[in-house]
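Observations on chain architecture
In case you want the letters, here they are:
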Amino acid sequence: MDIFQWLTNTPAGEFCFTALVSMIPVVELRGGIPFGVLTCGLPVWAAYLAAVIGNFIPAPFIVVYIRRIFQWMRRRLPRLNRLVDRMEKKAHLKGNLVTKYKYLGLVLFVAIPLPGTGAWTGSLAAAFLDMPLRKALPSIFIGIIVAGIAISILTFGVSSLF
């Protein structure tokens, strides 16, 4: 059995596949939960759990390493300077809510299930606002949990959660 068959034909593989989809920027758990339920056939609670785990995994790496990655990209890949500039600008603009309300603002920012918000952008904002990892990660995690509940309810209704 190859990896693709395992990912698509076993419950553990479908759980992992849903987590992997939830790691993708922009898609995050907003796409991971519906993907897990509709494509992989997972129950809503399992898709929710996989999506939360998958969406959280990149957060500490983004908070800790994104500035170094952007510096490396500017030195080694100057063609991508405009992309890096846009991402930095987005993080700073989105950081206004976070700056005003600190960690509660970060929770709210990550929890709002709208385009341009979520764990990736929240982690970028936390990194550029120099938030300590030990304080930023719990806020990001709580925001992911709240966003996952909201997406599950919006997509599948309250009754599907039980």
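Rules used throughout
Residues numbered from 1 in each chain as written. Predicted model: local features only at pLDDT ≥ 70, side-chain atom pairs only at ≥ 80, totals over all residues. Heavy atoms only, no water. Core = buried A, V, L, I, M, F, W, Y, C linked by side-chain atoms within 4.5 Å. Buried < 20%, exposed > 50% of the residue type's maximum accessible area, 1.4 Å probe, protein only. Helix = DSSP H or I, 4+ residues; strand = E, 2+ residues; numbered from the N terminus. Contact = heavy atoms within 4.5 Å. pLDDT = per-residue confidence, 0-100. Expected span 1.5 Å × (residues − 1). Salt bridge = Lys/Arg side-chain N within 4 Å of Asp/Glu carboxyl O. Phe/Tyr/Trp six-rings, centres within 6.5 Å; stacked < 30°, edge-to-face > 60°.

1. Comments concerning the nonpolar core
If you look at the biggest cluster of nonpolar residues, it comprises 20 residues, and the most contacted ones within it are Leu29, Leu106, Ile140 and Ile144. Of all the elements in the fold, those that place two or more residues in this core are helix H3 (28-39), helix H4 (44-56), helix H5 (58-76), helix H6 (81-111), helix H7 (119-128) and helix H8 (133-156). If you tally residues by element for this core, the top one is H8, at six residues. Apart from residues lying up to four places away in sequence, Ile144 is in contact with Leu29, Val52, Asn55, Phe56, Val110 and Ala119. With nine residues, the next largest nonpolar core counts Met73, Val84, Ala127 and Phe128 among its residues.

2. Digging into the side chain of Ser22
Take Ser22: it is sitting in helix H2 (residues 11-22). The exposure class of Ser22 is buried, given its relative accessible area of 0%. Apart from the residues lying within four places of it in its own chain, the contact partners of Ser22 are Glu28, Leu29, Gly32, Ala51, Gly54 and Asn55.

3. Details of the confidence of the model for the protein chain
Per-residue confidence for the protein chain gives a mean pLDDT of 88, with 94% of residues at or over 70. Taking the mean pLDDT of every element in the protein chain, the minimum, 73, falls on helix H1 (residues 3-9) and the maximum, 96, on H4.

4. Description of H4
With 13 residues, H4 should cover 18 Å at 1.5 Å per step; its first-to-last C-alpha distance of 18 Å lies within 8% of that length. Inspection of H4 places Val44, Ala46, Ala47, Tyr48, Ala50, Ala51, Val52, Gly54 and Asn55 among the buried residues, and these make up the whole buried set. Residues of H4 that are buried sit in contact with H2, H3, H5, H7 and H8.

5. Details of the environment of Leu108
By the element assignment, Leu108 lies in helix H6. For the pair formed by Leu108 and Phe17, sequence separation is 91 residues and the distance between their alpha carbons is 27 Å.

6. Description of H3
Between the first and last C-alpha of H3 there are 16 Å, a value that for 12 residues agrees with the 16 Å anticipated at 1.5 Å per step. Taken across its 12 residues, H3 has nine buried, putting it largely inside the fold. Buried within H3 are the following residues: Glu28, Leu29, Arg30, Gly32, Ile33, Pro34, Phe35, Gly36 and Val37. Positive phi appears at Gly41, one or two residues downstream of H3, with a value of about 80°.

7. Details of the pattern of salt bridges
Using the criterion set out here, one finds four salt bridges in the structure. We note a salt bridge from Asp130 to Arg67, for which the minimum N-O separation is 2.7 Å. In this pair, Asp130 sits in the loop between H7 and H8 while Arg67 sits in helix H5, placing the two residues 63 residues apart along the sequence. Two residues, Glu88 and Arg74, come together in a salt bridge whose shortest N-O distance is 2.8 Å. With Glu88 in helix H6 and Arg74 in helix H5, this residue pair connects regions lying 14 residues apart in the sequence.

8. Focus on the packing of aromatic side chains
Under the counting rule described, the total for this entry stands at three aromatic pairs. A ring pair is formed by Phe56 and Phe141, whose centres lie 5.1 Å apart and whose planes are at 75°; its orientation type is edge-to-face. Of this pair, Phe56 sits in helix H4 while Phe141 sits in helix H8, and the two are 85 residues apart along the sequence. Note on Phe56: relative accessible area 22%, which makes it partly exposed. For the ring pair Phe70 and Phe128, a centre distance of 6.0 Å and an interplane angle of 25° mean the geometry is stacked. A residue pair is termed long-range when its members are at least 10 positions apart, and Phe70 in helix H5 and Phe128 in helix H7 qualify at 58 residues. Given a relative accessible area of 2%, Phe70 falls into the buried group.

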